[in-house]
Number of protein chains: 2
Amino acid sequence: MAMRCAGVSAIRALCSSANSTRHVHSTAGSKKIVGVFYKANEYAELNPNFVGTVERGLGIRDWLESQGHQYVVTDDKEGPDCELEKHLSDLHVLITTPFHPAYVTAERIKKAKNLKLLLTAGIGSDHIDLKAAAEAGLTVAEVTGSNVVSVAEDELMRILILVRNFLPGYHQVINGDWNVAGIAHRAYDLEGKTVGTVGAGRIGRLLLQRLKPFNCNLLYHDRIKIDPELENQTGAKFEEDLDAMLPKCDIIVLNTPLTEKTRGMLDKERISKLKKGVLIVNNARGALVDTQAVADACTSGHIGGYSGDVWFPQPAPKDHPWRYMPNQAMTPHISGTTIDAQLRYAAGTKDMLDRYFKGEEFPLQNYIVKEGVLAPQYR
Amino acid sequence: MAMRCAGVSAIRALCSSANSTRHVHSTAGSKKIVGVFYKANEYAELNPNFVGTVERGLGIRDWLESQGHQYVVTDDKEGPDCELEKHLSDLHVLITTPFHPAYVTAERIKKAKNLKLLLTAGIGSDHIDLKAAAEAGLTVAEVTGSNVVSVAEDELMRILILVRNFLPGYHQVINGDWNVAGIAHRAYDLEGKTVGTVGAGRIGRLLLQRLKPFNCNLLYHDRIKIDPELENQTGAKFEEDLDAMLPKCDIIVLNTPLTEKTRGMLDKERISKLKKGVLIVNNARGALVDTQAVADACTSGHIGGYSGDVWFPQPAPKDHPWRYMPNQAMTPHISGTTIDAQLRYAAGTKDMLDRYFKGEEFPLQNYIVKEGVLAPQYR
């Protein structure tokens, strides 16, 4: 069993050079791998490609077991007596997802004495205490790119649902009503509106490309400008100052990772400075916004519509205010776990496990924490 | 008062050359103009641009009355005692919309002895008996182009809603549930799917342009090929044979006008030949499809999802089967009556009235029936 270095990065770097067994790459022998996924239940048999579930476990069980590894999957992730807790003491690799997040706290990391590798099947590892993971010398990696198209498509759907006021019409249909005026008085075209994305990373850029033919006024804020060719292709304008951009927008889309810097960035004060009736789409992370401030602004009408698939915590409790606020078009966390996305992040997770067993590096962009060192955007 | 020629086209053409007073263009004097719109009711005051309503009457009342014309607006359009019927005997111009269609039957045309001009505020004049209108020597014109962007945007929204399985997630949210598997087992990305449009006129072409960045396999069927530049730009492939195209499609979008040739085109037999789980979007006209065959195929699962805003008749009765079939994402007829679209079709209607009063021609593409002669696609 590999030794484990629990110091801070600097110490770990030292450990790492002094003792190669602390390296993330697998030493020989059987590994215990635990995966936490949502359950498919009665839906398990309905789709042969429904791999991102407890029942299918990313479709890697036979492959893992044929190599002598142990593979445990569960959806039971909360509280001291849950199934996940039972395996913390001897697991080597923990696979989690953002859709049914196992919150990997500092306390859990401390208990997991053999843990070396945290793999996120999907994108977004904020359910993991990255600082604690780094201090423990762990590696955290995602399947970067696996579901960026899925999320960008979903964002455009949500923009259209809000701007065109889809849901009141649907409610009329199922309620036996017909009242075009009740929908039309606040239904608009997307064409000509100002859309701003907070963050123009992989997902934000894909969204801008998909928005291009809609003839909007496209703005983006990020730490750095996107490459000039893409800027030219999409016509999106760089806004260096977030607070200068936000009040110009008819529609705001959040496309930034959740970090200590971005947590709660859309708070009561920022919301108060937005255009009255602004529409907000957030498929990034629920904790980027102040939950109650969003609910209050939807109720007052200052926010004209809010749609997204991310909440805090997840699953969202029954009394989460976003379930009941007006003009919401929310869903559970789903945009990145389409069947197409599942096949991609299952393949990407398998690829990283394979590299881990063989002592090979992962694709560079997959690392969130590499042997105790945080990727730049999380520092 | 101008004389009126009630013969068939050939006779009317003769009449027209023999007697210029039968010409559509207005003779001097006060005209009686009747507009049939949906009522805004309590929504009237919520938006100053909500012009396509009884309360606002396209915003042209002051302009019409200042020129000595009479302007009557109503939403009361059904049955022998309705408000519309009371004005048939002496109106000169009737303005209708597809959203709250006044069905202009042969019988009504016969009663309307002074009627010269039927204007559709919007696009789609199939609520008018075009053959009877032509035989009566009338002119029927639309505000072509006024809401094509609105409808194309709405179609893309509906494609995404179906392919990504949005509504079951929304229902979970409002019902206090959280079950990602219940959504994800049939949620897909649009990327890579085969999308076919039946009809590539103005709306179909705008849809293809908006679909382009989604990296789909795009197909289109129409009487003629779209221009090579657009074909090249969108990558859409021409399918001469409708029945060869339809079974290739994961998603089918109807973008063809309702004519005697297209009525009921998607019938039980054609549906049976589609891919199992096919998604269908129809913002064109409800009567293009066999109502019960669609409902049955949604129930059996052969159609995986159906979304649109058009029904027959409209308003849809409370017992219309599409209200209750599974996997529907229907709304009342709304896509072409966004606030942006209303402003455009109100302006276009005013422009045609102005030309009518001045004896000027309309933009050529607006004519559906020009002084008794049907536009080619309606013959």
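The preceding data block contains the structure.
Calculation notes
- Residues numbered from 1 in each chain as written.
- Chains lettered and ligands numbered in written order.
- Predicted model: local features only at pLDDT ≥ 70, side-chain atom pairs only at ≥ 80, totals over all residues.
- Heavy atoms only, no water.
- Core = buried A, V, L, I, M, F, W, Y, C linked by side-chain atoms within 4.5 Å.
- Buried < 20%, exposed > 50% of the residue type's maximum accessible area, 1.4 Å probe, protein only.
- Helix = DSSP H or I, 4+ residues; strand = E, 2+ residues; numbered from the N terminus.
- Least-squares fit on C-alpha atoms with pLDDT ≥ 70 in both.
- Contact = heavy atoms within 4.5 Å.
- Axes fitted to C-alpha atoms, helices over the stretch in contact; angles between N-to-C directions.
- Parallel < 35°, antiparallel > 145°, perpendicular 65-115°, else oblique.
- Left-handed = near helix turned anticlockwise from the far one by under 90°.
- Nonpolar A, V, L, I, M, F, W, Y, C, P; charged D, E, K, R; others polar.
- Buried area = accessible area lost by both parts, 1.4 Å probe.
- Salt bridge = Lys/Arg side-chain N within 4 Å of Asp/Glu carboxyl O.
- Polar contact = N/O pair within 3.5 Å; in protein donor to acceptor, adjacent residues only side chain to side chain.
- Phe/Tyr/Trp six-rings, centres within 6.5 Å; stacked < 30°, edge-to-face > 60°.
- Lys NZ or Arg CZ within 6 Å of the ring centre and 35° of its normal.

K.L.:
When you look at the nonpolar core in this model, what are you seeing that I'm missing?
P.N.:
Within soluble globular proteins, side chains that are nonpolar generally end up buried alongside one another. Counting residues in hydrophobic clusters, the biggest one holds 71 residues, and the most contacted among them are Ile95 and Tyr306 of chain B. Here the element with the most residues in this core is helix α14 (residues 339–358) of chain B; it accounts for 8 residues. Core analysis: the second largest hydrophobic core is formed by 69 residues, Ala40, Ala141, Ala293 and Ile303 of chain A among them.

K.L.:
Before we go on, may I ask you to explain the relation of the copies chain B and chain A in this structure?
P.N.:
Each of the two chain copies goes to the other by way of a rotation about an axis and a shift along it. In screw terms, the move from chain B to chain A is a rotation of 180 degrees and a rise of 0.0 Å along the axis, fitting with an RMSD of 0.0 Å. Such a combination of turn and shift is consistent with a two-fold rotation axis. No C-alpha of chain B lies nearer the rotation axis than that of Met157 of chain B, which sits 2.8 Å from it. Here 100% of the interface residues in chain B have copies in chain A that are interface residues too; the copies meet face to matching face.

K.L.:
I'm lost on unusual backbone geometry in this one. Help?
P.N.:
Most peptide bonds adopt trans geometry, and most residues besides glycine take a negative phi value. Pro313 of chain A follows Phe312 of chain A through a cis peptide bond whose omega is -10 degrees. With respect to the secondary-structure elements, Pro313 of chain A resides in the loop between β11 (303–308) and α14 (339–358). With phi around 65 degrees, Leu58 of chain B is a residue other than glycine that occupies positive phi space.

K.L.:
I would appreciate a short explanation of the packing of helix α6 (residues 148–163) of chain A against helix α6 (residues 148–163) of chain B in the present structure.
P.N.:
The packing of two helices is summarised by the inter-axis angle and the distance between the axes. For the pair α6 of chain A and α6 of chain B, the least separation of the axes is 9 Å and the interaxial angle reads 125 degrees. As the angle between them shows, α6 of chain A and α6 of chain B are arranged oblique. Here α6 of chain A runs over α6 of chain B; the crossing is left-handed. Note on element contacts: α6 of chain B touches α6 of chain A through Glu153, Leu156, Met157, Leu160 and Ile161 of chain B, opposite Glu153, Leu156, Met157, Leu160 and Ile161 of chain A. Across the contact of α6 of chain A with α6 of chain B, the residue classes break down as 8 nonpolar, no polar and 2 charged.

K.L.:
Whenever I open this one, the interface of chain B and chain A confuses me. Can you help?
P.N.:
By a widely used convention, the size of an interface equals the accessible area lost when the partners come together. Contact with chain B, which involves 68 residues of that partner, is made by 68 residues of chain A. Taking both sides of the interface into account, the surface hidden between chain B and chain A amounts to around 6,000 Å²; carbon and sulfur atoms contribute 64%. Counting across the interface, chain B meets chain A through 10 salt bridges. When the shortest N-O distance is used, the salt bridge between Arg344 of chain B and Asp189 of chain A registers 2.8 Å. On the surface where chain B and chain A come into contact, there are 40 residue pairs in polar contact (both at pLDDT 80 or more). Breaking the side of chain B that touches chain A down by element, the ones donating at least two residues are α6, α7 (166–174), α8 (180–184), α9 (202–211) and α14 of chain B. The element best represented in the side of chain B that touches chain A is α6 of chain B, accounting for 9 residues.

K.L.:
Would you explain α7 of chain B in this entry?
P.N.:
An α-helical segment advances 3.6 residues per turn. Residues three or four places apart therefore align on the same side. For α7 of chain B, the set of buried residues is Phe166, Leu167, Gly169, Tyr170, Gln172 and Val173 of chain B. Note on α7 of chain B: the residue one or two positions beyond its end, Gly176 of chain B, has a positive phi of about 80 degrees.

K.L.:
Got a minute to help me understand the packing of aromatic side chains in this structure?
P.N.:
Per the stated rule, a full pass over the model turns up 22 aromatic pairs over all chains. Ring centres 6.1 Å apart and planes at 75 degrees place the aromatic pair Trp311 of chain A and Trp178 of chain B in the edge-to-face group. Residue Trp311 of chain A is located in the loop between β11 and α14, and its partner Trp178 of chain B is located in the loop between α7 and α8; the two belong to separate chains. Like Trp178 of chain B, Trp311 of chain A is buried. Relative to Trp322 of chain B, the ring of Trp311 of chain B lies with its centre 5.8 Å away and its plane at 45 degrees, an arrangement referred to as tilted. Remark: Trp322 of chain B occurs in the loop between β11 (303–308) and α14 and Trp311 of chain B occurs in the loop between β11 and α14; sequence separation between them is 11 residues. For the pair Trp311 of chain B and Trp322 of chain B, one class covers both residues: buried. Cluster of aromatic residues (ring-pair linked, three or more members): Trp178 of chain A together with Tyr306, Trp311 and Trp322 of chain B. Residue placement shows Arg323 of chain B over the ring face of Trp311 of chain B; its charged tip is 5.8 Å from the ring centre.

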